[in-house]
Amino acid sequence: MSIFSKIAAGEIPSYKCAESDKFYAFLDINPVGKAHTLVIPRREVDYIFDMEDDEIGEFQIFAKKVATALKRAFPCRKVAQVVLGLEVPHAHIHLIPMNKEGDVDFRNKTLKLSPEEFQAIADKIYAEFQAL
């Protein structure tokens, strides 16, 4: 079971931003920007393109709803969607509020936030997600 599967199952704590029966979104604990969110399928699948066509469609629709909540909670020009990463064998999408392309540079120093700051950010996104 991957670390992301354990997070989605509630076995490892996370800062939940959104969820459905098939997908889960939570804050990245090493964010490149405020409200940097990861979206994952609850079904463990390593590579996004190994997902069934209908599942990828639902995944993108869920990510779109999370991105809308992010933009409402933290106004920005756009929400970037990035699919990368080899360190966790579980498909995931990074959603990052951006005002310029440099906001999505993974070489940037990550933000250091307190647990209270992470929780406040997650709560704000979750409230917007619930309102959609």
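Higher on the page you've got the structure.
Predicted model only: the values in this text are computed from it and were never measured.

Criteria and thresholds
- Residues numbered from 1 in each chain as written.
- Predicted model: local features only at pLDDT ≥ 70, side-chain atom pairs only at ≥ 80, totals over all residues.
- Heavy atoms only, no water.
- Helix = DSSP H or I, 4+ residues; strand = E, 2+ residues; numbered from the N terminus.
- Rg over C-alpha atoms; globule rule 2.2 N^0.38 Å.
- Buried < 20%, exposed > 50% of the residue type's maximum accessible area, 1.4 Å probe, protein only.
- Pairing = 2+ DSSP bridges.
- Axes fitted to C-alpha atoms, helices over the stretch in contact; angles between N-to-C directions.
- Polar contact = N/O pair within 3.5 Å; in protein donor to acceptor, adjacent residues only side chain to side chain.
- Contact = heavy atoms within 4.5 Å.
- Core = buried A, V, L, I, M, F, W, Y, C linked by side-chain atoms within 4.5 Å.
- Expected span 1.5 Å × (residues − 1).
- Arc of directions from axis to C-beta.
- Salt bridge = Lys/Arg side-chain N within 4 Å of Asp/Glu carboxyl O.

I keep staring at the overall build of the chain and nothing clicks. Help me out?
Looking only at helices and strands, the chain has three helices and five strands in total. Taken from the N to the C terminus, the helices and strands of the chain come in the order α-β-β-β-α-β-β-α. Relative to the compact-globule value of 14 Å for 132 residues, the chain shows a C-alpha radius of gyration of 14 Å, a close match. Along the three orthogonal principal directions, the C-alpha set of the chain runs to about 35 × 35 × 25 Å. When each of the 132 residues of the chain is scored for burial, the buried share is 44%.

Quick question: what am I supposed to make of the sheet that holds strand β5 (residues 93-98) here?
The pairing of strands in a sheet happens through backbone hydrogen bonds and is either parallel or antiparallel. Reading across the sheet, the five strands line up as β1-β2-β3-β5-β4 and stay open at both edges, with antiparallel pairing between neighbours. Sheet topology places β1 (16-19) and β4 (78-82) at the edges, where each strand pairs with a single neighbour. Across the sheet, the mean angle separating the axes of adjacent strands is 20° when strand polarity is ignored. In the sheet, β1 pairs with strand β2 (residues 23-27) via three bridges, with the strands oriented antiparallel.

Just to check I follow, could you spell out the side chain of His94 for this structure?
On the secondary structure map, His94 appears in strand β5. Engagement of the side chain of His94 in a polar contact is seen with the side chain of His36, the distance being 2.8 Å. Contacts of His94, omitting those with residues within four sequence positions, involve Asp28, His36, Thr37, Leu38, Ala80, Gln81, Val82, Leu84 and Phe106.

Is there a simple way to think about the nonpolar core in this case?
Most often, soluble globular proteins have nonpolar side chains that are buried together. Judged by nonpolar contacts, the single largest core of 30 residues is most densely connected at Leu27, Val39, Phe62, Val66, Leu95 and Ile125. Looking at this core, the elements with two or more residues in it are β1, β2, α2 (53-73), β5 and α3 (115-131). In terms of residue count, α2 provides more of this core than any other element does, eight residues in total. Core analysis: the next-biggest nonpolar cluster, separate from the first, contains eight residues, Ala8, Leu38, Ile40 and Val88 among them.

Is there a simple way to think about α2 in this case?
For an α-helix, 3.6 residues make a turn, and residues three or four places apart therefore share a direction. Here α2 contains 21 residues, and its C-alpha end-to-end distance of 30 Å stays within 8% of the 30 Å for a straight helix at 1.5 Å per residue. Of the residues making up α2, those classed as buried are Glu55, Phe59, Phe62, Ala63, Val66, Ala67, Ala69, Leu70 and Ala73. The buried residues of α2 occupy one face: seen down the axis, they fall within an arc of 160°. Residues of α2 that are exposed and point more than 90 degrees away from the buried face comprise Asp53, Asp54, Ile61 and Lys64.

What should I look at first to understand the pairing of β5 in this one?
For a regular strand, side-chain orientation follows a simple rule: the groups alternate between the two sheet faces. For β5, a buried count of six out of six residues is recorded, marking the element as mostly surrounded by other parts of the structure. In β5, alternate side chains face the same way, and those of Ile93, Leu95 and Pro97 on one face and His94, Ile96 and Met98 on the other are all buried. One ladder, built from three bridges, connects strand β3 (residues 37-41) with β5; its direction is antiparallel. Counterpart to Val39 in the pairing with β5 is Ile93. Where β4 and β5 come together, five bridges link them in antiparallel fashion. Following the sheet pairing, Val79 is matched in β5 by Pro97.

Looking at this structure, I do not really get the pattern of salt bridges. What am I missing?
A side chain of one charge can pair with a side chain of the opposite charge if their charged atoms are brought near each other. Counting across every chain of the model gives six salt bridges. Between Arg42 and Glu19 there is a salt bridge; the shortest N-O distance is 2.7 Å. Here the residue Arg42 occupies a position in the loop between β3 and α2, and Glu19 occupies one in strand β1, the gap between them amounting to 23 residues. Owing to a relative accessible area of 26%, Arg42 belongs among the partly exposed residues under this scheme. Among the salt bridges present, the one from Asp105 reaches Arg107, with a minimum N-O distance of 3.0 Å. Overall, the relative accessible area of 21% leaves Asp105 in the partly exposed class. Judged by relative accessible area, which is 74%, Arg107 ranks as exposed. What you see here is one network of salt bridges that share partners, running through Lys16, Glu19 and Arg42.

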